Amino acid sequence: MKKIISVLLMLLMVVCVLAQSPERPNRDKKEPPREHIYLNRHRVVMRPGEYIQLEADTFGYVGRISWRSSNSRVAYVDRGRVYAMDYGSCNIIASIPGASDYCEIIITNDRGGYNYDYKLSLNETKVVLNKGETFHLQLYVNGFAEDDDIIYTTKNTRVATIDGDGVITARGIGTTTILVKYGNREVSCNVRVIMNRH
């Protein structure tokens, strides 16, 4: 009987020791994936009184998106809709837990009511094309490619035309100038159309 009691006491002690042992870390346990958010626009030039709607891709996240402006006196945001209030620049920030993205808002006018410091450049300032050829003219703002809010014009449509995507089409032999306007600034590209070379 004493031997049975002794064995039971030993088993009880082993159980107590195991119960007090710290839980081993699960090395196979994976960290939850980090959330992501991406805005459809990252730089917008506006005029006082205008508004735009920003869209956010959250890659499957279905929770609430938090919107805020770095300067609500310049631009105010309500659920992604941005209202231009006064001249200046600010950032509109969209956030979800663990991630955020922003869009730079520039409030100006055609007369330079706000002299925002930005530089325009083109992928080419002189282009030579055969009649019928096309060329994509790319605008850069402070070194970043920009495809929105651009106004393209050509001084001679009989020589070359340009569409809203910046694609130049050579129409006839001669030279012309393509003007590219963004905000209150403008850059140009000289286009020469020559006879097709065989």
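Small disclaimer: the values here were computed from a predicted structure and weren't measured.

S.K.: Give a detailed account of the sheet that holds strand β19 (residues 185–194), specifying residues and quantitative values.
M.R.: Note: strands within a sheet are paired through backbone hydrogen bonds, in either parallel or antiparallel orientation. As summarised here, the arrangement of the four strands in space is β11-β19-β18-β15, forming an open sheet in which the pairing is mixed. Both edges of this open sheet fall to β11 (126–130) and β15 (150–154), since each of them pairs with a single strand only. The average angle at which neighbouring strand axes cross in this sheet is 25 degrees, direction not considered. Judged from the nine bridges that link them, strand β18 (residues 174–182) and β19 form a sheet pairing that is antiparallel. When the sheet's bridge partners are listed, threonine 175 is paired in β19 with arginine 192.

S.K.: Explain the side chain of threonine 169 residue by residue, including any values.
M.R.: With respect to the helices and strands, the residue threonine 169 is situated in strand β17 (residues 167–170). If we skip the residues at most four places from it in the chain, threonine 169 touches Glu133, Thr134, Val159, Ala160 and Thr161.

S.K.: Outline the environment of isoleucine 194, listing residues and values.
M.R.: By secondary structure assignment, the location of isoleucine 194 is in strand β19. Through-space distance from the C-alpha of isoleucine 194 to that of alanine 170 is 8.8 Å; in sequence the pair is 24 residues apart. Look past the residues within four positions of isoleucine 194 in its chain and what remains in contact with it is Val128, Leu129, Asn130, Lys131 and Ile173.

S.K.: Got a sec to walk through the sheet that holds strand β3 (residues 51–53)? Specific residues and values, please.
M.R.: Judged by pairing direction, the sheet is antiparallel, and its three strands sit side by side in the order β3-β7-β6 without closing on themselves. A single partner strand is all that each edge strand has here, and the edge strands are β3 and β6 (75–78). Between one strand and the next, the sheet's axes are offset by a mean angle of 20 degrees, whatever the strand orientation. Taken together, the three bridges between β3 and strand β7 (residues 81–84) define a ladder with antiparallel strand orientation. Its bridge partner being in β7, glutamine 53 is matched across the sheet by arginine 81.

S.K.: How would you sum up the environment of asparagine 190? Please name residues and give values.
M.R.: Mapping asparagine 190 onto the fold places it in strand β19. Residues asparagine 190 and isoleucine 178, spaced twelve residues apart in sequence, show a C-alpha to C-alpha distance of 6.3 Å. Apart from residues lying up to four places away in sequence, asparagine 190 is in contact with Thr125, Lys126, Val127, Thr176 and Thr177.

S.K.: An account of the pairing of β17 is needed here, citing residue identities and associated values.
M.R.: As paired strands, strand β12 (residues 134–136) and β17 are joined by three bridges and run antiparallel to one another. Paired with threonine 134 across the two strands is threonine 169, which belongs to β17. Note: strand β16 (residues 160–162) against β17, three bridges, orientation antiparallel. Within β17, the residue paired with isoleucine 162 across the bridge is isoleucine 168. Count of turn residues in the β16/β17 antiparallel hairpin: four residues, of which glycine 166 carries a positive phi of about 85 degrees.

S.K.: Requested: an account of the nonpolar core, with residues and values cited.
M.R.: Formed by 24 residues in total, the largest nonpolar core has its most connected members in Leu137, Leu139, Ile168, Ile178, Val180, Tyr182 and Val191. Elements with a contribution of two residues or more to this core: β10 (120–122), β11, β13 (139–141), β15, β16, β17, β18 and β19. It is β19 that provides the largest number of residues to this core, a total of four residues. Residues within four places of isoleucine 168 in sequence aside, it is in contact with Leu129, Glu133, Thr134, Phe135, Leu137, Ala160, Thr161, Ile162, Ile178 and Val191.

Conventions adopted
- Residues numbered from 1 in each chain as written.
- Predicted model: local features only at pLDDT ≥ 70, side-chain atom pairs only at ≥ 80, totals over all residues.
- Heavy atoms only, no water.
- Pairing = 2+ DSSP bridges.
- Helix = DSSP H or I, 4+ residues; strand = E, 2+ residues; numbered from the N terminus.
- Axes fitted to C-alpha atoms, helices over the stretch in contact; angles between N-to-C directions.
- Contact = heavy atoms within 4.5 Å.
- Core = buried A, V, L, I, M, F, W, Y, C linked by side-chain atoms within 4.5 Å.
- Buried < 20%, exposed > 50% of the residue type's maximum accessible area, 1.4 Å probe, protein only.

From the geometry alone we can't say anything about function, so treat these as descriptive.
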